[in-house]
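# Observations on the model geometry
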Amino acid sequence: MRVILGTPIRSRPKPWLFFRVPAVMVNAFDIIRSGVGGHVVKNALQYDGEVWMDSGGYQFLRHGKVPSIEDLAVVYDRYWDVRYFLNLDYPPNPTDSEYDLELKLKASLRNYEYLVRRFNNVLPVIHYHWRTNIIMKYLTKYLDYNPPCIAIGGLVPYVLISRGVPKNSRKSALEFLLRVRQEVDVCIHVLGLGSPVINPILKLMGIDSTDTSTWRVKAAYGKVVMPGGGERHVSGREIRFGGKEATNEDLTRLYRFLRETGFPLIDRFFEDVRTSFEYRALINAWVVLNCYEVPSTGVFRKLYNEFELMLSLPNEAAR
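Residues numbered from 1 in each chain as written. Predicted model: local features only at pLDDT ≥ 70, side-chain atom pairs only at ≥ 80, totals over all residues. Heavy atoms only, no water.

### Thoughts on the pattern of salt bridges
In total, this model carries 12 salt bridges according to the counting rule given. When the shortest N-O distance is used, the salt bridge between Asp96 and Lys104 registers 2.9 Å. Accessibility expressed as a relative area gives 9% for Asp96, which makes it buried. Residue Arg232 pairs with Asp250 through a salt bridge whose shortest N-O separation is 3.0 Å. Within this pair, whereas Arg232 is found in strand E11 (residues 231-233), its partner Asp250 is found in helix H11 (residues 248-261), the two being separated by 18 residues in sequence. Asp250 carries the same exposure label as Arg232, and that label is buried. (Salt bridge = Lys/Arg side-chain N within 4 Å of Asp/Glu carboxyl O. Buried < 20%, exposed > 50% of the residue type's maximum accessible area, 1.4 Å probe, protein only. Helix = DSSP H or I, 4+ residues; strand = E, 2+ residues; numbered from the N terminus.)

Now the structure itself:
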């Protein structure tokens, strides 16, 4: 399974300048805001690997803008070196009524129908909602277009945050993902779930790829991502929310993982991990790309065990 690194177009650091990164995700909102010229995204990134472009719909909405599908198509048409473009979709909320859910799904499908007439490399995006019968109905509509891959979003609130969602949302959302994997014979990309605690479960299910932007965000807050899951504050700044302060044992465990997996900048660890945002970001990128260690304890270890058992059963027994 591949982990794709989400990144702003002109950001630093650029992990791919230091080690192999299988693919990078940029978004159209950032492309427009950054004023990237020409027709080659890779030049701005200084990257020669595979590039995906998201619509940036979430970022547009945060800034009070709703792009038209025609305007987005103009942006997509500008860049010839992008492997996949993602549809502009309207993510449902867990609290949406059935009527509102259908409205959003219909609007997202109309956008896809417009884009797929212009591009042969645009991917549909289907967002999870606990009304899975409706979601599966629209998934079938997308499959009628024979897309090369399906992107599944909307799982982060259910799996990683799990506030304001129905009880047992983590397991229910992951069961939906497994159902799609078992019923759909195209590649599946899961949006936003790339992390050491989820990667082993996604790999177990046979998911093809996922992405994450948290490698930079956590570094900016003074955090490092730990192999096996969790995060630790290392910058010495006041801890405002989330995570624990790193102990010497934590740092030793992280250092050992980096050394054993061949992190190329290991010599800078004890000098720069506390003081350098860029170095922490490089560490975090390395960990999310290379850690498939099953969590030793906690809810995600329990989930891994449950899905491992589920997948080991004969099909009839599993159902």
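Next comes the rest of the account.
### A look at the nonpolar core
Counting 92 residues, the largest nonpolar core has Val41, Met53, Leu177, Leu258 and Phe263 as its most contacted members. Top contributing element to this core by residue count: helix H13 (residues 277-290), with 9 residues. Contacts of Leu177, omitting those with residues within four sequence positions, involve Ile152, Leu155, Ile188, Val190, Leu202, Met205 and Ile207. (Core = buried A, V, L, I, M, F, W, Y, C linked by side-chain atoms within 4.5 Å. Contact = heavy atoms within 4.5 Å.)

### Focus on the pairing of strand E9 (residues 209-212)
The alternating pattern of E9 places Ser209 and Asp211 and Thr210 and Thr212 on opposite faces, both of which are buried. Pairing of strand E1 (residues 2-6) with E9 involves 4 bridges; the strand directions are parallel. Residue Ile4 lies in a different strand from E9, and its bridge partner there is Asp211. Where strand E8 (residues 187-190) lies against E9, 2 bridges are found, and the strand directions are parallel. In the sheet register, His189 faces E9, and the bridge partner there is Ser209. Handedness of the crossover joining E8 and E9 through helix H9 (residues 199-205): right-handed. (Pairing = 2+ DSSP bridges. Right-handed = clockwise from strand over helix to strand, strands pointing away.)

### Quick look at the state of the cysteines
Inspection of the entire model under this criterion finds 1 disulfide. Between Cys149 and Cys187 runs a disulfide, and the two sulfur atoms are separated by 2.2 Å. Where Cys149 bonds to Cys187 through sulfur, the torsion about that S-S bond is close to -140°, and the disulfide is left-handed. On the criterion of sequence distance, the pair formed by Cys149 in strand E7 (residues 149-153) and Cys187 in strand E8 is long-range, its members being 38 residues apart. For Cys187, a relative accessible area of 24% gives the class partly exposed. (Disulfide = S-S within 2.5 Å.)

### Details of the side chain of Ser209
Inspection of the secondary structure puts Ser209 in strand E9. Ser209 sits in the buried class, given a relative accessible area of 3%. At 2.6 Å, the side chain of Ser209 forms a polar contact with the side chain of His189. With residues up to four places along the chain from it excluded, the contact list for Ser209 reads Met1, Arg2, Ile4, Trp52, Ile188, His189 and Val190. (Polar contact = N/O pair within 3.5 Å; in protein donor to acceptor, adjacent residues only side chain to side chain.)

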